[in-house]
Amino acid sequence: MKTKKNLLRILIAFAILLGLMSSTHAQHERIYIAVEIGGVLCGYATTDVSNIDYKGMQMIETHDTVNLLLKALGQEMNMQIISRYVFYPETYKVALNHTQFKYDAGNIVSTLTEVFDDYALRTESPNETPDTIQDIAGVIFDNPLGAPYIVEDFVKGSAEEKEYRVYDYIRGHIADQKFTLLGEEDIMLAGQEYKTLLINIYSSTDGTNTKTWVNKDDGMTLRFEIMNRNIYLADESVIKRIKTVDLDNTIFARVDKSISNFMEMSYLKVSADIKSAGELISVESLNFPGQKFQGTVVENHIIGTFEIEPLWYDGTDAPAFPPDFNNNESLKKYLEPEMFIESDHPEITALAEEITSGSKDSWEAAVHLSEWVGKEIRGAIPGGTTAINTLKTRQGECGSHSRLLTAFCRAAGIPSRLSIGCMYSPWYGGSFGQHAWTEVYMGENIGWIAVDATIQEYDYVDAGHIKLGIGATFQPENMEILDYRIAGADTTSEISGIPPEYENIIGPYTNFDNRNVLEVQYADGGIGVDIMGRIVLALNDPDEDGRRYAKLSASVYFSFPEDSNGQVDEMIIVEKVYAMKNLNEEVAIDEETPEEFKAFMGPYVIMQIQKTFTMLWDQGRLAMLVPDVEEPRPLEKTDVEGRWRDPVDKKEYNLKKNADGSVSGMDIYVSSVLPKGATSAWIFDKTNESEGLEAAEKKYKALWDARALDLEFSEGDMNKLGYKYLGDDRFEEALMVFKLNVDSYPESWNVYDSYAEALMKSGEVEEAILNYEKSVELNPDNEHAKEMLEELTLETDK
């Protein structure tokens, strides 16, 4: 499960609406605006204003920058939105808008709009030819310093409701919006009180409602709320107060139902309470072959019951390949390039032709394209985002995978489109998270068929996919699984007992590099790996080499080698972390290079980090010149055909050969070996969750006394667990863990410091002082404890 384009759509709304806010104090050098998501202050915007000469005329220019600190599925995905406006000082009529979206990984997309009297020109990167926007009479092009139409109609004209046609700079279309006056309200922002009109803006184009607070004096926007986002006027201090927001809290609906073999789910019934934006949704739009919905949809608020029984297609009567749908006007937009889906890019068209070569029909061609995307594009957040950027960087989240597959199919003449909604996965013990996948058109008799390259469902989707639209967002309020069926199974009840072939594998394994414990579990007729309580990663049956690939990703596999006695005492994890492209540059090849290795020679680049690795023949051995390392590293051949290991950093390089013997690139793999066994902290936590705190205390003490050989005791592990409980305000459990650590490691100054902190936060000040004093006694250089003692002593003296 990956985060995706849905978030970007909300952020696009930020970029458009933030422009309305800076006018309140336009005379200042810089304006500051705060951005909250889910109640977390996670970003800020600034606006700088200047006068410029533009095409021989005196104009106003603004530069707006939005900075957001975001995290999803444990991965940082910080984002920046940069906008430039040029407009007339007398009328505030916009002449130019240029907006860029950037992640940490680099530029994503850029749009440029130039506005003239009767039309506008819009250019979207990487295209160079602009599109013409006609019929702009009466259309509002918002600007960063004023909203004259709000002043005229709602402040001076006392309107209670008004409809406008407003241009969307990012999407390049005109949206119908209804402004409704809700009342008046006094608000305090940036140390100043304002009298405002409270207006709701409803867009019938995408179903969004935006509550907007407008200054009565000049009609300028001071604050607005959209979905769970709150944007408001602030001061410079906002820069130091922002922190990263975990989007998992807003894009996942936890259902506490773990289905490890969910990819084989053929039927699902779920009650849902979902809010959505991005496109207008109706009861009718939620019902189509494979999906039934009963309930209500009011302004994109969905409440009701979904029944999903997807159409699994076997390719019967598929259209010929290449197909000919050019005369079908209704399919035209699904064959053309669009924002983020550059199906006419030369690299995409050439590769699509190569992948589909020899396909017997359109279905086989679509599946070939789906398999290529699923196997070649590494999962990453935020990833490539646009189709061409995803292809170049070879990484992306579900939106990136789906847009690239859509672009490939369109380039091959197969109508295709994104499908956006949510998907069930084992994340957080079972949950629905926002997701995107692809639909391909297989002719009038078959219709649209869904496939999901991101999770290796190359020719189908499981019943956990709930479609909301092709441009919708997913903001769950509540969801509950009512029933489900697994294909080929007669019941959803779990099989009792563990089959003998799994008994030797089941159990915890510890990574002593980072102290994390992964547990192999049995459920639903197979095994999965519990990744620190976040997700149970279901594994496929082993291949002939004993490798069990994750069902969710072809990039990672697990193996469980047996010792001479037939026992499993370690788990090996191998993950593909990067895909490198062969630059095919002419290089000087050592004359001693064996013929079989000559095709390997030359530079390979990791596009997303712009690092170049060079394979060469050095001192009679195959070697790799690694970035930032002066001398080539000799490589060792592994047991896997075409794969070579760097004995220094343990990376493995897998060469990808073409049919003609040439090499298109190579993949970089990293491996980890986890001994079987668990840490004492992990055992305490598991026992506490299943049997309670008293049982966990007894278990820990018994293990400590016995010094069990298959677990690792560590002061740091228990300290980390204690802070985990403390951060969740589970004070009783935190105090217990820290006290056990004090008893186990009485000579450690740090355990007393941590225990004191927990006591202080629990209100036990006198005990906290005693433990801080003990910490200083053991470590006189503990300045933190000294500061806390001074602070606590002052409190007790009051």
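Residues numbered from 1 in each chain as written. Predicted model: local features only at pLDDT ≥ 70, side-chain atom pairs only at ≥ 80, totals over all residues. Heavy atoms only, no water.

Novice: Looking at this model, I keep getting lost on the nonpolar core. Mind explaining?
Specialist: Generally speaking, a soluble globular protein has its nonpolar side chains buried in company with each other. Core analysis: the biggest nonpolar cluster contains 82 residues, and Phe 306, Phe 432, Met 479 and Phe 560 have the highest contact counts within it. A per-element tally of this core places strand S19 (residues 265-275) first, with 5 residues. Apart from residues no more than four positions distant in its own chain, Met 479 is found in contact with Ala 253, Arg 254, Val 255, Val 270, Ser 271, Ala 272, Ile 274, Cys 422, Phe 432, Ile 466 and Phe 474. Core analysis: the second largest hydrophobic core is formed by 34 residues, Ala 318, Ile 355, Ala 366 and Leu 369 among them. (Core = buried A, V, L, I, M, F, W, Y, C linked by side-chain atoms within 4.5 Å. Buried < 20%, exposed > 50% of the residue type's maximum accessible area, 1.4 Å probe, protein only. Helix = DSSP H or I, 4+ residues; strand = E, 2+ residues; numbered from the N terminus. Contact = heavy atoms within 4.5 Å.)

Novice: Before we go on, may I ask you to explain the pattern of salt bridges in this structure?
Specialist: Working definition: two side chains of opposite charge can pair if their charged atoms are close together. Following the criterion strictly, the structure yields 39 salt bridges and no others. Salt-bridge contacts for Arg 645 lead to Glu 652; the nearest nitrogen and oxygen are separated by 3.1 Å. Residue Arg 645 is classed as partly exposed on the basis of its relative accessible area of 28%. Glu 652 gets classed as buried once you look at its relative accessible area, which sits at 9%. (Salt bridge = Lys/Arg side-chain N within 4 Å of Asp/Glu carboxyl O.)

Novice: What exactly am I supposed to notice about the pairing of strand S38 (residues 621-625) here?
Specialist: Consecutive side chains along a regular strand alternate between the two faces of the sheet. Strand direction decides the pairing type here: strand S37 (residues 611-618) and S38, joined by 5 bridges, are antiparallel. By the bridge assignment for S38, Thr 614 is matched with Leu 625. Taking the residues between adjacent antiparallel strands as the criterion, S37 and S38 are bridged by 2 residues, where Gln 619 takes a positive phi near 55°. In the sheet, S38 pairs with strand S39 (residues 633-634) via 2 bridges, with the strands oriented antiparallel. (Pairing = 2+ DSSP bridges.)

Novice: Would you mind showing me how to read the packing of helix H5 (residues 346-356) against helix H6 (residues 362-376) here?
Specialist: How two helices sit against one another is set out by the angle between their axes and by the gap between those axes. Where H5 meets H6, the closest approach of the two axes is 9 Å, and the angle between their N-to-C directions is 115°. Classified by the angle their axes make, H5 and H6 are roughly perpendicular. Crossing geometry of H5 relative to H6 is assigned as right-handed. Contact residues: Leu 351, Ala 352, Ile 355 and Thr 356 in H5; Ala 365, His 368, Leu 369 and Trp 372 in H6. Residues belonging to the contact of H5 with H6 are distributed by class as follows: 6 nonpolar, 2 polar and no charged. (Axes fitted to C-alpha atoms, helices over the stretch in contact; angles between N-to-C directions. Parallel < 35°, antiparallel > 145°, perpendicular 65-115°, else oblique. Left-handed = near helix turned anticlockwise from the far one by under 90°. Nonpolar A, V, L, I, M, F, W, Y, C, P; charged D, E, K, R; others polar.)

Novice: It is not clear to me how the packing of aromatic side chains should be interpreted in this structure. Could you clarify?
Specialist: Each aromatic ring pair is characterised by the separation of its centres together with the angle its planes make. Tallied over the full model, the rule gives 31 aromatic pairs. On the numbers, 6.1 Å between centres and 75° between planes, the contact of Tyr 149 with Phe 179 is edge-to-face. Taken together, the residues Tyr 149 in helix H2 (residues 148-156) and Phe 179 in strand S12 (residues 173-189) connect sequence positions 30 residues apart. Its relative accessible area of 2% is what places Phe 179 among the buried residues. (Phe/Tyr/Trp six-rings, centres within 6.5 Å; stacked < 30°, edge-to-face > 60°.)

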